[in-house]
Amino acid sequence: MENLIEIQGLCKHYKDFTLDHIDLTVPEGQIVGLIGENGAGKTTTLKALLGVIRPDGGTIRLLGGDPGDPAIRSQVGVVFEDSYFYGGLCARQIGRIMSGIHPTWDGTLFRDYCRRFELEENKPVKDFSRGMRMKMSLATALAHRPKLLVMDEATSGLDPVVRGEMLDLFLEFIQDEGHAILMSSHITADLERIADQIAYIHKGKLLFQQDKDLLLEDMAILRCSASEIDSLPKNLVVARRGGAYGSAALVRHPQNVRRLLPGAVLDRADIDEIMQFISGGDRQ
Ligand code: ATP
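Description of the structure in this document. (Residues numbered from 1 in each chain as written. Predicted model: local features only at pLDDT ≥ 70, side-chain atom pairs only at ≥ 80, totals over all residues. Heavy atoms only, no water.)

### Things to note about the sheet that holds strand β6 (residues 148–152)
Stage number 1. As summarised here, the arrangement of the 6 strands in space is β5-β6-β7-β3-β8-β9, forming an open sheet in which the pairing is mixed. One side of each edge strand has no neighbouring strand; the edge strands of this open sheet are β5 (76–79) and β9 (205–211). Direction aside, the axes of adjacent strands within the sheet are offset by 15° on average.
Stage number 2. Examined bridge by bridge, strand β8 (residues 197–202) and β9 share 6 bridges and lie antiparallel to one another. Counted as the bridge partner of Ala 199 is Gln 209 from β9.
Stage number 3. Helix α6 (residues 160–173) rests against β3 (31–35), β6 and β7 (180–184) of the sheet, and its axis sits at about 150° to β7.
Stage number 4. Across the sheet, helix α11 (residues 271–280) lies against β3, β8 and β9, angled at about 25° from β8, the strand it touches most. (Pairing = 2+ DSSP bridges. Helix = DSSP H or I, 4+ residues; strand = E, 2+ residues; numbered from the N terminus. Axes fitted to C-alpha atoms, helices over the stretch in contact; angles between N-to-C directions. Contact = heavy atoms within 4.5 Å.)

### Re the nonpolar core
Stage number 1. Residues Phe 110, Leu 138, Met 151, Phe 170, Ile 181 and Leu 250 are the most contacted members of the largest nonpolar core, which totals 57 residues.
Stage number 2. Shared between two domains, this core holds at least three residues of each, these being domain 1 (3–214) and domain 2 (216–283).
Stage number 3. Among all residues touching Ile 181, those that are not within four sequence positions of it are Val 26, Gln 30, Ile 31, Val 32, Leu 148, Leu 149, Met 151, Phe 170, Phe 173 and Ile 174.
Stage number 4. With 30 residues, the next largest nonpolar core counts Ile 22, Leu 46, Ile 72 and Phe 80 among its residues. (Core = buried A, V, L, I, M, F, W, Y, C linked by side-chain atoms within 4.5 Å. Buried < 20%, exposed > 50% of the residue type's maximum accessible area, 1.4 Å probe, protein only. Domains from an automatic or database assignment.)

### Observations concerning the sheet that holds strand β4 (residues 57–62)
Stage number 1. Pairing is antiparallel across the open sheet formed by 3 strands, whose spatial order is β2-β1-β4. In this open sheet, the two edge strands, each paired with only one partner strand, are β2 (17–27) and β4. On average, each strand axis in the sheet is inclined to that of its neighbour by 15°, with strand direction left out of account.
Stage number 2. Where strand β1 (residues 3–14) meets β2, 8 bridges bridge the pair, whose relative direction is antiparallel. Residue pairing for β2: Ile 5 is matched across the bridge by Val 26.
Stage number 3. In this fold helix α1 (residues 42–49) packs onto β1, β2 and β4, with an angle of close to 115° to the strand it touches most, β1.

### Description of helix α3 (residues 91–101)
Each full turn of the α-helix corresponds to 3.6 residues, which orients residues three or four apart in the same direction.
Stage number 1. Along α3, the residues classified as buried are Ala 91, Ile 94, Gly 95 and Met 98. The buried side chains of α3 occupy one side of the element, clustering within an arc of 100° when seen end-on. Away from the buried face of α3 by more than 90 degrees, exposed residues Arg 96 and Gly 100 are located.
Stage number 2. Buried residues in α3 make contact with α4 (107–116) and α5 (130–143). (Arc of directions from axis to C-beta.)

### What about the packing of α5 against α6?
Stage number 1. In the contact formed by α5 and α6, the axes pass within 12 Å of each other and the chain directions differ by 10°. By the angle class used here, α5 and α6 are roughly parallel. In this structure, α5 contributes Lys 135, Leu 138 and Leu 142 to the contact, and α6 contributes Val 162, Glu 165, Met 166, Leu 169, Phe 170 and Phe 173. (Parallel < 35°, antiparallel > 145°, perpendicular 65-115°, else oblique.)

### A closer look at the packing of aromatic side chains
Stage number 1. This model, assessed by the stated rule, comprises 3 aromatic pairs.
Stage number 2. Their ring planes at 50° and their centres at 5.0 Å tell us that Trp 105 and Phe 110 sit as a pair that is tilted.
Stage number 3. On the basis of an interplanar angle of 25° and a centroid distance of 5.9 Å, the ring pair of Tyr 113 and Phe 117 is categorised as stacked.
Stage number 4. Under the relative-accessibility criterion, Phe 117 is labelled buried at 4%. (Phe/Tyr/Trp six-rings, centres within 6.5 Å; stacked < 30°, edge-to-face > 60°.)

### Digging into the pattern of salt bridges
Pairing is possible between side chains that carry opposite charge, provided their charged atoms lie close to one another.
Stage number 1. Counting across every chain of the model gives 10 salt bridges.
Stage number 2. Residues Arg 115 and Asp 112 are paired through a salt bridge, measuring 3.4 Å at the closest nitrogen-oxygen approach. Of this pair, Arg 115 and Asp 112 are both found in helix α4, 3 residues apart, which corresponds to roughly one turn of the helix.
Stage number 3. The class of Arg 115 is exposed, set by a relative accessible area of 56%.
Stage number 4. A salt bridge links Arg 268 to Glu 192, with the shortest nitrogen-to-oxygen separation between them at 3.5 Å. Remark: Glu 192 occurs in helix α7 (residues 188–194) and Arg 268 occurs in strand β13 (residues 265–268); sequence separation between them is 76 residues. (Salt bridge = Lys/Arg side-chain N within 4 Å of Asp/Glu carboxyl O.)

Here it is, written out as structure tokens:
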């Protein structure tokens, strides 16, 4: 399986923030979900990947080549939270401009998406709602038939019905084994539904990139006394929290924990809870 994105040791320094040696890969046929708290470095990573900002270190391979190569860039569909379009333009004009920029632009496909998303062709983008602007970005990103979609918070602010439609579209896109998606999202339920892998950036560092199903199978929330958590081998406890209502820990290898503490309560951990424990709990 070929990697459509290969990031190694990516660094970017700002006055109050450092993106610290990020390694990230996106294999073809897969959806990789990028998660992390506000200000963790997700957008910075995506901007560096797309050449919007210049990295201070590391290497980036996009579709096996240089991200600065226009032939490579034209195979990447990009959807960022803020629409790139000049607000006075309507879908019809955007289609005309894009057909001059992208050699692979498919005007019929673009019109199909506009129809499917119920976007009026003659209405200026500035008069669109936020959800409509996101749909327009996605229609534009897909209509030049990219191999790779890179999306930053593409489903934020969309109502559940539209979000569901978008997720279906992403799954449709990934049916082609040669395609791949890298998407950041705070809506972890979306990623639980469609992502193959989860990459977690925390305070500028990549904590892990892991197969989603394995991650969710391998993590659990243990609710018991603090002394019972203390009794576990350190390698089983990822993070812990103490509170007025008892202690809890995010643990790995729940079957081993169950053997050691047969009476303890072990609950399935979802991605939100994993993040809450790691960012807010006492990491071990
Ligand atoms: P969010 O989930 O809130 O969108 P994020 O994970 O995408 O967050 P980034 O936008 O990558 O986070 O920002 C990471 C850090 O880099 C933040 O502290 C931000 O203030 C800082 N930062 C981003 N761009 C610049 C810039 N041009 N100059 C200085 N600092 C910046």
